[in-house]
Amino acid sequence: MRPLYLTFNVYFAFVRKSFQRRMQYRVANLAGLTTNFFFLLVHIFVYTAFYAASTEPQPLNLNEIITYFVLCQVSFMLMPFWGARSEVTQAIKDGSVALQLTKPVDFHAYWFADECGRACYFLLMRGCPTFLISILFFEVTIPQQFTVFMAFAASMVLAIFMSAAIMITIFSSAFWTLDTAGISGMSGSVIMLFSGMLVPIALWPEWLAHIAEWLPFAGLIDVPFSIYLGKTTGGAILTAIGKQMMWCIIFLGLGRFFLSRGFSRLVIQGG
Amino acid sequence: MIEVENLSKTFKVYHHRQGFFGSFVNLFSRKHRIVQAVDNVSFSIKRGEVVGYLGPNGAGKSTTLKMLTGILVPTSGRVTVNGYIPHRQRKENAKHIGVVFGQRSHLWFDLPVQESFELLQRIYRIPQVEYNQNVEMFDALLNIGKFFRTPVRQLSLGQRMRADIAAALLHNPEVLFLDEPTIGLDVVAKARIRQFIQQINTERQVTVVLTTHDLDDVEKLCKRVILIDKARLCFDGELAALRRLLSTERILSVDYAETYSDISIPQAHVTYQEGNRVQYRFSPEEISTANLIGAILQRFKIVDISVQEPDIEELIKTVYEDNRALEQRFTETDAIDLTNRNT
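If you're wondering where the values come from, they're calculated on a predicted model, not measured in any experiment. The written sequence of each chain sets the order in which its residues are numbered from 1. Labels are handed out in written order, letters beginning with A for the chains and numbers beginning with 1 for the ligands. Confidence filtering applies because this is a predicted model: local features only for residues at pLDDT of at least 70, side-chain atom pairs given and counted only at 80 or more, and all residues used for totals across whole chains, interfaces and linings. Values shown for side chains rest on all heavy atoms present in the structure; no hydrogens or waters enter the calculation.

### A few points about the overall build of chain A
- Numbering of helices and strands runs from the N terminus; a helix is a DSSP stretch of H or I covering at least four residues, while a strand is a stretch of E covering at least two. Helix and strand counts for chain A stand at 12 helices and zero strands.
- Listing the helices and strands of chain A from first to last along the sequence gives α-α-α-α-α-α-α-α-α-α-α-α.
- Relative to its 271 residues, chain A shows a buried fraction of 52%.
- Two residues form a contact once any of their heavy atoms are found within 4.5 Å. Of the contacts made within chain A by residues no fewer than 6 positions apart, 82% connect residues no fewer than 24 positions apart.
- The method behind every accessible area is Shrake-Rupley, applied with a 1.4 Å probe, and residues are considered shielded solely by the protein chains displayed. Counting every atom, chain A has about 13,000 Å² of accessible surface; 72% of that belongs to carbon and sulfur. The classification of residues rests on relative accessible area computed with a 1.4 Å probe and restricted to protein chains. Under 20% of the type maximum is buried, over 50% is exposed, and intermediate values are partly exposed.

Shown next as structure tokens:
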């Protein structure tokens, strides 16, 4: 039996290469950054207008809302929303996935590592600049307590893992449909809504917020950012993180199941 | 090394209805037909052999290769490579085989060759010393050092193929599967790759299974060929035997010194005549080459004479066009040869 740390070593190398591969495309990154700011501004203007028109106290004040949407743009590219793409899907589509199978590598773990590398890249090259520039122009709140920040970091890492696991689950449909645009577009929109990406769940009507709570997707956006903003505190943080973990494991299992089903019915295109 | 017994693979192919309305109907009911991609194929390959696995497009070559490498699960039959069952022990099997699909690259498209190699070193856990030795050797033979730091997407096809083949051999596999390794390459690049394969085979006793449409590849590299057509095995044996089996007819070209009115010779047919140059077609079974030449020399004065064997390309063409005849002849004559091989 191969020692565990060596196995980990291999997949960690996949994470790094996945990151490195994307470093090749710098102009695309700059263009993406512009898009991030465009959407950030739209969100901020709309909410500023809403808040100016309302006299009632809201669950989140304007600064918190702005911070929330800055964080949304920081993590947008990491999430399985519409427009999310996975290079591995392309490999399934054109059949080069077959080549991966000729290597002594666990495909699900490989794909997961690839998505994690992708997330690291976008966090560093898109997320960080977005955050730093936003601090200059908007009043972004920053957690005052170290423990809050640590809880946020843990929750964010879990959100990234969950995102990768969900992405694999969705995109493994490529084995059946070959084109995932439809499925990923549809599921992406639902996930985007229920994650709290468009409207923070704190502002939702109660019955809808209830549904969101039972769905896994709030774990991607609303859960970590509520911790960041200090809206989730104390024991609730542990519950929230526990829920994220549970969904993470469920989606990893689902993805693994779909992949193994997919491979067993694999008909490689062409070649 | 490789044992294949009664191997079959069937695919379901969905029938798509035509037209706008048809595509609607497709949503609710789909018809399919079963396609037999590989039909009851058996063979056995020993360590150190170089085998050409040939057949026309769609014959089932790649499907067989994919079953040998563990990508596809056979519908029925038995496969073992190195003692492993590829589709059950995919990862174990993968450690001991090298695979090159000529039409696709194993390397990470947007990383330099070196990075891909280092990643492979991790994947296969190749010790540093062994890795360095191999890279050095591949550089000496394939000259990969020149583009070692270049991203794969910027390589020429020849360079990419060299890098791909080197990558497949980094972990010293016992078996190398090559699917059209010289496709699209120029003459020099082809020669270089062939030489490399030959060297690897002799120096390291690597077993090589090669599919190709380039018959030069076969002639330069393979002693043994396996032919499949329409999913079924139709020949397995030495290249020379295949040639013998098929070349029932030969061509004799003669340049006569004078013009003769009657140049006909019993048991040989004139197929071509222009001035004093005449071509006869004859079958060595009816008249031996020596007797035929003797008969000609007795009656005529000649300037030049030559016997041509049909080249391998011609041979394969006849097989593809009519493999029934070959199959029959093969089962009659070389059946003994095959059983010998298997034991």
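### A look at the sheet that holds strand β8 (residues 224-229) of chain B
All names here are of chain B.
- The strand order across the open sheet built from six strands is β5-β6-β7-β3-β8-β9, with neighbouring strands paired in mixed fashion. Lying at the two open borders of the sheet, with one neighbouring strand each, are β5 (97-101) and β9 (232-238). Going from strand to strand, the sheet's axes swing by 15° on average, the running direction of each strand aside. Only strands joined by at least two bridges in the DSSP assignment are considered to pair. Axis definition: a line fitted to C-alpha atoms, limited for helices to the stretch in contact. Angles are taken between N-to-C directions and run from 0 to 180 degrees.

### What about the interface of chain B and chain A?
- In this assembly, 29 residues from chain B lie in contact with 33 residues from chain A.
- Both sides of the chain B and chain A interface together cover about 3,000 Å² of buried area, and 58% of this is carbon and sulfur.
- Simply put, the buried area is the total loss of 1.4 Å probe accessible area from both parts when two parts are fitted together. When the area that chain B buries against chain A is broken down by residue, the three leading residues are R104(B), R122(B) and I123(B), summing to 21%.
- Salt bridges are defined by distance alone: a side-chain nitrogen of Lys or Arg within 4 Å of a carboxyl oxygen of Asp or Glu. Our count for the contact surface shared by chain B and chain A stands at two salt bridges.
- For K17(A), the salt bridge goes to E115(B), with nearest N and O atoms at 2.5 Å.
- Any pair of nitrogen or oxygen atoms within 3.5 Å is treated as a polar contact; in protein, a donor-acceptor pairing is required on top of that, and neighbouring residues in sequence qualify only through side-chain atoms on both sides. Along the contact surface separating chain B from chain A lie seven residue pairs in polar contact (both at pLDDT 80 or more).

### Regarding the sheet that holds strand β11 (residues 268-274) of chain B
Residues and elements named next belong to chain B.
- Strand order in the open sheet made by the four strands is β11-β12-β10-β13, with antiparallel pairing throughout. The outermost strands of the open sheet, each flanked by one partner alone, are β11 and β13 (302-308). Ignoring which end each strand starts from, the neighbouring axes of this sheet average 20° apart.
- Its contacts with the sheet put helix α10 (residues 289-299) on β10 (250-256), β11, β12 (277-282) and β13, and the angle it makes with β10 is roughly 20°.

### A short note on the pairing of β8(B)
All names here are of chain B.
- Along β8, six of the six residues are buried, which leaves the element largely enclosed by surrounding structure.
- Residues R224, I226 and I228 point to one face of β8 and V225, L227 and D229 to the other, with burial holding for every one of them.
- Of the pairings in the sheet, the one linking strand β3 (residues 50-54) to β8 comprises four bridges and is parallel in character. Each bridged residue has a counterpart across the sheet, and for L54 the counterpart in β8 is L227.
- Where β8 meets β9, six bridges bridge the pair, whose relative direction is antiparallel. Bridge pairing links I226 to D236 in β9.

### Here's the deal with the state of the cysteines
- What counts as a disulfide here is a pair of cysteine sulfur atoms lying within 2.5 Å. According to the stated counting rule, one finds zero disulfides over all chains in the structure shown.
- No disulfide involves C248(A); its nearest neighbouring cysteine sulfur is the one of C116(A), lying 9.1 Å away.

### Considerations on the side chain of S195(A)
Residues and elements named next belong to chain A.
- Among the structural elements, S195 can be located in helix α9 (residues 181-195).
- With relative accessibility at 0%, the residue S195 sits in the buried group.
- Setting aside residues up to four positions removed in sequence, S195 forms contacts with Y68, F81, I201, F217, A218, L220, I221 and D222.

### Section: a nonpolar patch on the surface
Residue and element names in this part refer to chain A.
- Side chains of F38, F39, V42, V46 and F50 sit close together on the surface and give an oily, nonpolar patch of about 480 Å² of accessible area.
- Along the chain, V46 falls in helix α2 (residues 26-53).
- Residue classification places V46 among the partly exposed positions, given a relative accessible area of 37%. Only residues whose relative accessible area exceeds 30% and that take part in no salt bridge are eligible for patches, with like-charged residues grouped when within 9 Å of each other and nonpolar side chains (Val, Leu, Ile, Met, Phe, Trp, Tyr) grouped when within 5 Å.

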